[in-house]
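# What the coordinates show
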Amino acid sequence: MYYQLKKSPTGFIGLAIIIIFVIVAFLAPIISPFDPSEQNLTERLHKPIWGNENYSSIHILGTDQLGRDVLSRIIYGSRISISVSLCGTIFGLIFGTIMGAIAGYFGKFIDTIISRIIDIQLSFPFMLIAIFVASTIGPGIINIIIVAGITSWVRFARIARAEVLNIKNLEYITATRALGGKNIRIILNHILPNIISPIIVIASLEVSKIVLMEASLSFLGLGVPPQIPTWGRMLAQSITYLQTASYLAVIPGIAITLLVLSLNLFGDWLRDYLDPKIAD
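Computed from a predicted structure; not experimentally measured.

The next subject is the nonpolar core. Of all hydrophobic cores here, the largest spans 26 residues; its most connected members are Val70, Ile74, Trp231 and Leu259. With sequence-adjacent residues up to four places away left out, Leu259 is seen in contact with Phe21, Ser81, Ile82, Val211 and Trp231. In terms of nonpolar packing, the next biggest core, distinct from the first, is built from 15 residues, Val133, Ile144, Ile210 and Val224 among them.

The following block contains the structure:
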């Protein structure tokens with residue numbers, strides 16, 4: 001896998017950026033130069049080092065309207081984006097894969113019910129459902145993870161259902177069933193391991209969507225509590241200062257773009273790598 005990744009510059013760069021973000025998020029309390037919530041109105045709206053010719057502040061990326069260090073808030077904001085996207089994706093993957101496998105394996109009435117639920121949810125825009133659920137259950141990290149899982153499980157369910165339909169009548173599944181294998185054991189031991197590749201690919205691409213979802217909800221004030229720094233809230237708070245302190249919007253915007261782009265680059269490579277139709 002490593003040698004295949006080295007042959008793909010985009011996939012390698014994407015993974016490298018993801019690793020950097022993960023390390024920064026994990027080491028946030030150590031590498032963050034300031035408390036991200038510490039206010040100092042005497043140093044409010046200090047420009048970054050590259051935008052201030054007479055730079056004398058120790059705030060490399062400047063300060064916001066309350067004198068909080070922008071670099072520290074970006075570092076701590078990465079923890080929210082990464083943790084919410086990973087946990088939300090895992091939640092959606094587990095629930096969606098189980099529901100899709102059940103629908104594809106048992107078929108008939110169960111398949112009809114689950115498929116109709118999937119179709120109904122897919123008929124609504126992704127962000128509309130996220131905003132509705134987030135406004136209903138309220139702000140909070142756990143709640144946003146639940147929102148991410150609710151909005152993403154249908155994609156995993158559709159893929160899992162389609163894959164199960166393709167393999168549930170193959171010879172080895174029929175033989176296992178004839179030998180007295182129970183349905184739950186057949187699903188867990190013989191079906192799920194054979195549909196994991198497309199599920200992983202969908203998961204790698206779903207993470208980036210959840211990053212954008214979390215940022216959008218935080219931008220609208222429906223994300224995590226206000227005292228927790230997030231990239232989306234940083235963007236929302238920068239609107240008033242776009243003319244005088246545009247860096248307040250540019251810096252978190254770059255962070256979101258880099259993380260989403262790297263996730264998509266790595267996801268595209270992973271899709272090609274796990275596709276059995278592509279020759280080595």
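This part covers unusual backbone geometry. The backbone of Leu45 shows a phi angle near 60 degrees, a positive value even though the residue is not glycine. Secondary-structure assignment places Leu45 in the loop between α3 (28-31) and α4 (70-106). Positive phi, normally seen in glycine, also occurs at Lys108, with a value near 55 degrees. Take Lys108: it is sitting in helix α5 (residues 108-122).

A separate point is the environment of Ile17. Positionally, Ile17 belongs in helix α2 (residues 9-26). Between the C-alpha atom of Ile17 and that of Leu259, which follows or precedes it by 242 residues, the distance is 7.3 Å.

With respect to the secondary-structure elements, Ser208 resides in helix α10 (residues 196-219). With residues up to four places along the chain from it excluded, the contact list for Ser208 reads Val260, Leu263 and Asn264.

So, about the packing of α10 against helix α12 (residues 247-274). Following both chains from N to C, one finds α10 and α12 inclined at 170 degrees, their axes separated by 9 Å at the closest point. Considering the angle they form, α10 stands roughly antiparallel to α12. Seen from α10, the contacting residues are Ser197, Ile200, Val201, Ser204, Leu205, Val207, Ser208, Val211, Leu212 and Ala215; seen from α12, they are Ile256, Leu259, Val260, Leu263, Asn264, Gly267, Asp268, Leu270, Arg271 and Leu274. In the contact of α10 with α12, the residues fall into 13 nonpolar, five polar and two charged.

About the thresholds
- Residues numbered from 1 in each chain as written.
- Predicted model: local features only at pLDDT ≥ 70, side-chain atom pairs only at ≥ 80, totals over all residues.
- Heavy atoms only, no water.
- Core = buried A, V, L, I, M, F, W, Y, C linked by side-chain atoms within 4.5 Å.
- Buried < 20%, exposed > 50% of the residue type's maximum accessible area, 1.4 Å probe, protein only.
- Contact = heavy atoms within 4.5 Å.
- Helix = DSSP H or I, 4+ residues; strand = E, 2+ residues; numbered from the N terminus.
- Axes fitted to C-alpha atoms, helices over the stretch in contact; angles between N-to-C directions.
- Parallel < 35°, antiparallel > 145°, perpendicular 65-115°, else oblique.
- Nonpolar A, V, L, I, M, F, W, Y, C, P; charged D, E, K, R; others polar.

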